[in-house]
Amino acid sequence: MEYKAPLRDLRFAYYELFDGASLAELPGYEEATPDLVESVLEEMGKIATEVLQPINSTGDEEGCTFKDGEVKTPEGFKEAYDLLREGGWIGLSCRPEYGGMGMPHTVSMMVSELLCASNLSFAMYIGLTNGAYTALDHHATDELKEKFVPKLTEGSWAGTMCLTEPQAGTDLGLVSTTAVPLGDGGFKINGSKIFVSAGEHDLTENIIHLILARLPDAPEGIKGISMFVVPKLREEEDGKLVPNGATCGSIEHKMGIKGSSTCVINFDDAIGYLVGEPNKGMRAMFTMMNAARLHVGVQGLALSDAAYQGAVQFARERLQGRALTGAKYPDQEADPIIVHPDVRRMLLSMRAFTEGARALTAWAALEIDHSEVSADPERRLEGDDLASLLTPVIKAFQTDLGFEMANLGMQVCGGYGYTHEYGMEQLVRDARITQIYEGTNGIQALDLVGRKLGAHFGRYLRRFFIAPAYKAFGRLQRATAWLAEQGMKNPEEAGAAASDYLHLFGYTAFAYLWAKTAKVAQEKLAAGASGDDAKFYEAKLHTARFYMQRMLPKSGALFGTIMTGRKPIMEFPEEAF
Ligand SMILES: Cc1cc2nc3c(=O)[nH]c(=O)nc-3n(C[C@H](O)[C@H](O)[C@H](O)COP(=O)(O)OP(=O)(O)OC[C@H]3O[C@@H](n4cnc5c(N)ncnc54)[C@H](O)[C@@H]3O)c2cc1C
């Protein structure tokens, strides 16, 4: 399997389907011109193919190892990390005043796709550092920023996100780690966090943990959670780094992303500093989580593309059977399996999903950049509206279908796909976690139904209106109205419908994007596109037709399911399970 960066399609999604060129008109992003972005992506594309993909399957075989409190990442990870650090990649979207390149989120989202498609485990280390950067940049005092942010930006220190405890997963109100003020601005942190991605490793000289804990006398539950920054090694006055009581107790042995360390981190009188206001830790953490959720959605898209590329290569080479209408390659012993309708169904599903997801991601990414830096307050609000609505859909729909598509990739490759050697089964295993972490997909669905739709009911939805997606849009509107009405009477109605509703939303959003894609492709062809460009736009039209005719009808079944209401689910007696 060889992964190639999808540069042409990225250019299409960001610059032809959406107005990516407008990024360079936003204050602070003047350098993000299409030419510069293209060269950034070309360079990362090379690193992805030549450096990161070759250590993907070896990293999976070797995994991380734990000894005496230290974690060793797989062979080649450290060298690859150093290469990226020296190239300034870790601080790609960090502010220039901290030493970053100051690129828009949009660019980091595209780069993230290439990183994740070539090596998801490796990409995790960079993703977590970026998450910690974002939380500190938004909420820390200037003093704390000065202490930690430049190091995170240059990548010599890495970051983590320590939320989960054995008894506190989805329900972070149950967090019991404590933080006691020392009187000098510091806090003594005690407790144990589990499932901490990149919690311990050998890629950087220090690791900065962003952690949720409780102050003495904090209110019960979610309203009593505060955020702290706790370094693994504390800097003494002479600049020496000394242990700070934040140590790794063990690592998990898990189904996928084996090259990414998943750690138990114990805090024993570790010294930390408050980030943001006391008892407002969830608000601070959400800044980090929203960006992280979009990046997890990108993981689903990335793995789907890697699987698609591998499946196409396989389907062209594997000779089995003859085309149903007679041999297509009579001089060969058999036809390549790409002639078979069922194989084509799978390949086209993967393609239509991947390209649709890339378009949806591009849309959200551009809206986020506008929401953060546009000079026009109306435009900022519009960007924020759309990005916050799309975030749970991108996270959950793109990872649910991303997993499904990786699975289809394996199916295309038959028995070879199931063996370790070909790489497909690793993609399936790696994709599975994306549906669970960063808020399970069920929780994303509740966020969409309970918070995002409730916030500005109807206002968001009008953006999806476009004639070819009319039927699906009509269903989405009816389901939305039904949910609003029923959910008000009984919250279990909303809870029972949430996951199907999120999928209905995803299919409808993709319909809108495929309609828009077809329109752009038709215009380009009518304007005289020729050669490779003409083939590219014609393929877009074919894929749009496939999506509308073969995938979008699923929205009908989802609509029917939603309308059955809570009873088939909730009337089953608990003791009968
Ligand atoms: C490989 C890996 C890496 C991770 N990395 C990190 C990390 O870096 N930092 C970190 O803090 N955590 C991390 N996590 C933890 C991860 O975010 C949690 O596993 C996840 O949030 C779910 O929590 P849980 O496992 O406790 O499941 P639970 O919360 O016990 O959920 C179990 C099931 O119940 C459902 N459920 C729970 N509550 C509700 C509800 N109110 N309504 C409807 N359904 C509900 C869930 O959707 C799920 O299907 C990681 C986990 C893994 C496996």
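Shown above is the structure to which this text applies.
All values derive from a computational prediction rather than experimental measurement.

## Considerations on the site of the ligand
Stage number 1. Close to the ligand lie 18 residues, the nearest being Met161, Thr164, Thr170, Phe195 and Thr440.
Stage number 2. One of the side-chain N or O atoms of Thr164 is found 2.7 Å from a nitrogen atom in the ligand.
Stage number 3. The protein chains hide 60% of the 980 Å² of surface that the ligand would expose on its own.
Stage number 4. Mapped onto the shell around the ligand, the elements with two or more residues apiece are β3 (157-162), β5 (187-197) and α13 (441-455).
Stage number 5. Classifying every residue of the shell around the ligand by side-chain character gives 10 nonpolar, 6 polar and 2 charged.

## Let's talk about helix α2 (residues 34-52)
Stage number 1. The end-to-end C-alpha distance of α2, which contains 19 residues, comes to 25 Å, matching closely the 27 Å that a straight helix rising 1.5 Å per residue would cover.
Stage number 2. Listing the buried residues of α2 in full gives Val37, Val40, Leu41, Met44, Gly45, Ile47, Ala48 and Leu52. Around the axis of α2, the buried residues are gathered within 165° of arc, so they sit on the same side. In this structure, α2 carries Asp35 and Glu50 as exposed residues pointing more than 90 degrees from its buried face.
Stage number 3. Close packing links the buried residues of α2 with α1 (7-17), α3 (56-62), α4 (77-86), α5 (105-118) and α6 (120-139).

## Notes on the packing of aromatic side chains
Stage number 1. Taken as a whole, this structure holds 18 aromatic pairs when the rule is applied.
Stage number 2. Among the aromatic residues, ring-to-ring pairing joins Phe353, Phe397, Tyr507, Phe510 and Tyr547 into one connected group.
Stage number 3. Over the face of the ring belonging to Phe536 we find Arg8, whose NZ or CZ atom lies 4.0 Å from the ring centre.
Stage number 4. Across from the ring centre of Phe403, 5.5 Å away, lies the NZ or CZ of Arg432, which sits over that ring.

## Structural notes on the pairing of β5
Stage number 1. Judged from the 4 bridges that link them, strand β4 (residues 178-181) and β5 form a sheet pairing that is antiparallel. Of the residues in β5, the one forming a bridge with Thr178 is Asn190.
Stage number 2. As consecutive antiparallel partners, β4 and β5 are separated by 5 residues, and within that stretch Gly183 has a phi angle of approximately 90°, a positive value.
Stage number 3. As judged from the 8 bridges shared by β5 and strand β11 (residues 262-275), these two strands associate in the antiparallel manner. Among the inter-strand pairings, Gly191 is bridged to a residue of β11, identified as Phe267.

The rules behind each value
- Residues numbered from 1 in each chain as written.
- Predicted model: local features only at pLDDT ≥ 70, side-chain atom pairs only at ≥ 80, totals over all residues.
- Heavy atoms only, no water.
- Near = heavy atom within 4 Å.
- Polar contact = N/O pair within 3.5 Å; in protein donor to acceptor, adjacent residues only side chain to side chain.
- Areas by Shrake-Rupley, 256 points an atom, 1.4 Å probe, with all protein chains shown as cover.
- Helix = DSSP H or I, 4+ residues; strand = E, 2+ residues; numbered from the N terminus.
- Nonpolar A, V, L, I, M, F, W, Y, C, P; charged D, E, K, R; others polar.
- Expected span 1.5 Å × (residues − 1).
- Buried < 20%, exposed > 50% of the residue type's maximum accessible area, 1.4 Å probe, protein only.
- Arc of directions from axis to C-beta.
- Contact = heavy atoms within 4.5 Å.
- Phe/Tyr/Trp six-rings, centres within 6.5 Å; stacked < 30°, edge-to-face > 60°.
- Lys NZ or Arg CZ within 6 Å of the ring centre and 35° of its normal.
- Pairing = 2+ DSSP bridges.

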